[in-house]
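What follows is each chain in one-letter form.
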Amino acid sequence: MEQTTMRFPEGFLWGTATSSHQVEGNNSNNDWWEWEKEPGHILDGHRSELACDWWNRAEDDFDLAREMGQNAHRLSLEWSRIEPREGEWDDDAIARYRRMLVGLRERGLEPMVTLHHFTNPLWLMEKGGWETEAVVPLFERYVTRVAEELGDLVELWSVINEPNVYAILSYAGSRWPPGKQNLLLAFRVLRNLLLAHGRAYRAIHRLQPQAQVGIAHAVRVFDPARPNSRLDRWAASLPDRIFNRLVLTALTEGVLAFPLAFNRKVPELVDSVDFLGVNYYTRDMVAFDASRPGELFGRRFYTEGAEMSDGGYGEVYPEGLYRLLKWLAAYGKPIYITENGLPDEDDDQRPRFLLTHLAATHRAMQEGVPVKGYFHWSLVDNFEWAEGWSLRFGLVALDVETQERTVRRSGQLYKEICQANAITQDMVERYAPEVLDKLFPAQARDGPFG
Ligand code: BGC
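Residues numbered from 1 in each chain as written. Predicted model: local features only at pLDDT ≥ 70, side-chain atom pairs only at ≥ 80, totals over all residues. Heavy atoms only, no water.

Chemist: I'm lost on the overall build of the protein in this one. Help?
Modeler: In terms of helices and strands, the protein carries 16 helices and 15 strands. Taking all 450 residues of the protein together, 61% fall into the buried category. Taking contacts inside the protein between residues at least 6 apart in sequence as the whole, the part at least 24 apart equals 74%. Positive and negative charge centroids in the protein, built from 50 and 67 side chains respectively, lie 6 Å apart. (Helix = DSSP H or I, 4+ residues; strand = E, 2+ residues; numbered from the N terminus. Buried < 20%, exposed > 50% of the residue type's maximum accessible area, 1.4 Å probe, protein only. Contact = heavy atoms within 4.5 Å. Lys, Arg positive; Asp, Glu negative; His and termini not counted. Charge placed at Lys NZ, Arg CZ, Asp CG, Glu CD.)

Take a look at the structure:
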């Protein structure tokens, strides 16, 4: 029987991930709320509004997560609620987060807490947001306050969510606030985010020496469109260096390796992560294109004929997770998959997605990669930034009007996986028989021990 079961180690964390603005509702004191008001910013004019109403009823979804067999949950705290005006703390907001964290623990869900997930207090944006180094001590003060107030309930901190994505989409792009479209500024913002991470890392450890403090880092696979072309290989290596590697080099070696600049040593950043949290969604093919200096001389596209998720969000490429995990192992840190998922409203792909991505994870683990937990994005459909409510990532479907929840088939499958702490042949046969041969090759199934 063993040959047709992929078992995960005891104590493996099975959870889902969410972020404050995407689920809480009425986050009216941050930059996204303001941004959503402007026509043209969010697809179809959607707004986050009540979102999933977590400020009032997060516990209902925690109940669901528990019923679904999960033992962990990654959530984020909203800086604009905790510090609504510079230097002023909202005790009610802190108390609400305390209740949420207690609620998670009472249900046997280990919390992983993120302190910055794309949104910023309005007062901070008026001071220039992440553009100047002035943000670094402000972030440190906020993190210190949170660790003092809530640290007794949190052992796992994924301090900043996707500094690379935030810097690029908000500062080099036009669709996320403040939409500055300035690549140099984006690098400055990324640098300040990393410096802030370093300060937060030390601040949390001063208060909680035993805590595990890491990051949730977005990684993508960048493959050359024509593997034999040196130019394509070069064009694919640039985003790999800047998007995937730069943040990790900074937080492990303490070296800021920005393009066209001298490497700068930042001693405070040396070894400033206890674990690597990785968010994996998809891969890009890259072809050299001299006419695109602004895109690092690469034309990026999805593999022709590949399976795509809803809205052209990305190629479904489970092998990419295996490849990235094997590469990340070289950093010598425990790894959590802090996000992985796809938009799939009718849920015709998600069951297979779950099985193939978890099988890829299992394979990497069999080869020695120290993955400690998996957080699927996401528990319930939530506000998907500039795409509004058009992309549905939940294991649980949400009717935004009525707030009604319906567990999707994939949610049922995930429950079985979490409860069994394993993927079995039987699950694959029932939920995605088309990948049975891939996940459990016939020899293993039919062999003398099958
Ligand atoms: C972000 C989430 C987002 C998800 C799906 C991640 O990059 O951290 O906030 O909802 O991707 O697009």
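Chemist: Would you explain the pattern of salt bridges in this entry?
Modeler: Where charged atoms from two side chains of opposite charge come close, those side chains can pair. Tallying each qualifying case throughout the model produces 40 salt bridges. A salt bridge links Glu36 to Arg47; the shortest N-O distance between them is 3.9 Å. Separated by 11 residues along the polypeptide, Glu36 in helix 2 (residues 31-37) and Arg47 in the loop between helix 2 and helix 3 (54-67) bring together distant segments of the chain. For Glu36, a relative accessible area of 3% gives the class buried. Arg191 serves as the salt-bridge partner of Glu133, at 2.8 Å between the closest nitrogen and oxygen. (Salt bridge = Lys/Arg side-chain N within 4 Å of Asp/Glu carboxyl O.)

Chemist: Got a minute to help me understand the state of the cysteines in this structure?
Modeler: Following the criterion strictly, the structure yields 0 disulfides and no others. With no disulfide of its own, Cys52 lies closest to Cys418 among cysteine sulfurs, the gap being 19 Å. Take Cys418: its relative accessible area is 7%, and that puts it in the buried class. (Disulfide = S-S within 2.5 Å.)

Chemist: Before we go on, may I ask you to explain the nonpolar core in this structure?
Modeler: Buried together is how nonpolar side chains tend to be arranged in soluble globular proteins. Leu115, Trp130 and Phe139 are the most contacted members of the largest nonpolar core, which has 132 residues in total. Per element, the largest residue contribution to this core is 12 residues, and it comes from helix 9 (residues 183-207). Apart from residues no more than four positions distant in its own chain, Phe139 is found in contact with Trp79, Leu115, His116, Trp130, Val159, Ile160, Ala196 and Ala200. In terms of nonpolar packing, the next biggest core, distinct from the first, is built from 12 residues, Met112, Tyr281, Tyr336 and Phe375 among them. (Core = buried A, V, L, I, M, F, W, Y, C linked by side-chain atoms within 4.5 Å.)

Chemist: Please clarify how the site of the ligand should be interpreted in this entry.
Modeler: All residues adjacent to the ligand are Gln22, His117, Phe118, Asn161, Glu162, Tyr281, Tyr313, Glu339, Trp377, Glu384, Trp385 and Phe393. In the model, an oxygen atom of the ligand is placed 3.4 Å from a nitrogen or oxygen of the Tyr281 side chain. In the environment of the ligand, an oxygen atom lies 2.9 Å from a nitrogen or oxygen atom belonging to the side chain of Trp385. Considering the ligand on its own, with 310 Å² of exposed area, one finds that the protein chains cover 93% of that surface. Tallied by class, the residues present in the shell around the ligand amount to 6 nonpolar, 3 polar and 3 charged. (Near = heavy atom within 4 Å. Polar contact = N/O pair within 3.5 Å; in protein donor to acceptor, adjacent residues only side chain to side chain. Areas by Shrake-Rupley, 256 points an atom, 1.4 Å probe, with all protein chains shown as cover. Nonpolar A, V, L, I, M, F, W, Y, C, P; charged D, E, K, R; others polar.)

Chemist: So what exactly am I meant to see when it comes to the packing of helix 5 (residues 91-106) against helix 7 (residues 135-150) here?
Modeler: A pair of packed helices is captured by two measures, namely the crossing angle of their axes and the spacing between those axes. Packing of helix 5 against helix 7 leaves a shortest axis separation of 11 Å and a crossing angle of 55°. As far as their axial angle goes, helix 7 and helix 5 are oblique. In the packing of helix 5 onto helix 7, the handedness of the crossing is right-handed. Judged by residue contacts, Asp91, Ile94, Tyr97, Arg98 and Leu101 of helix 5 engage Arg145, Glu149 and Leu150 from helix 7. A class-by-class count of the residues in the contact of helix 5 with helix 7 yields 4 nonpolar, no polar and 4 charged. (Axes fitted to C-alpha atoms, helices over the stretch in contact; angles between N-to-C directions. Parallel < 35°, antiparallel > 145°, perpendicular 65-115°, else oblique. Left-handed = near helix turned anticlockwise from the far one by under 90°.)

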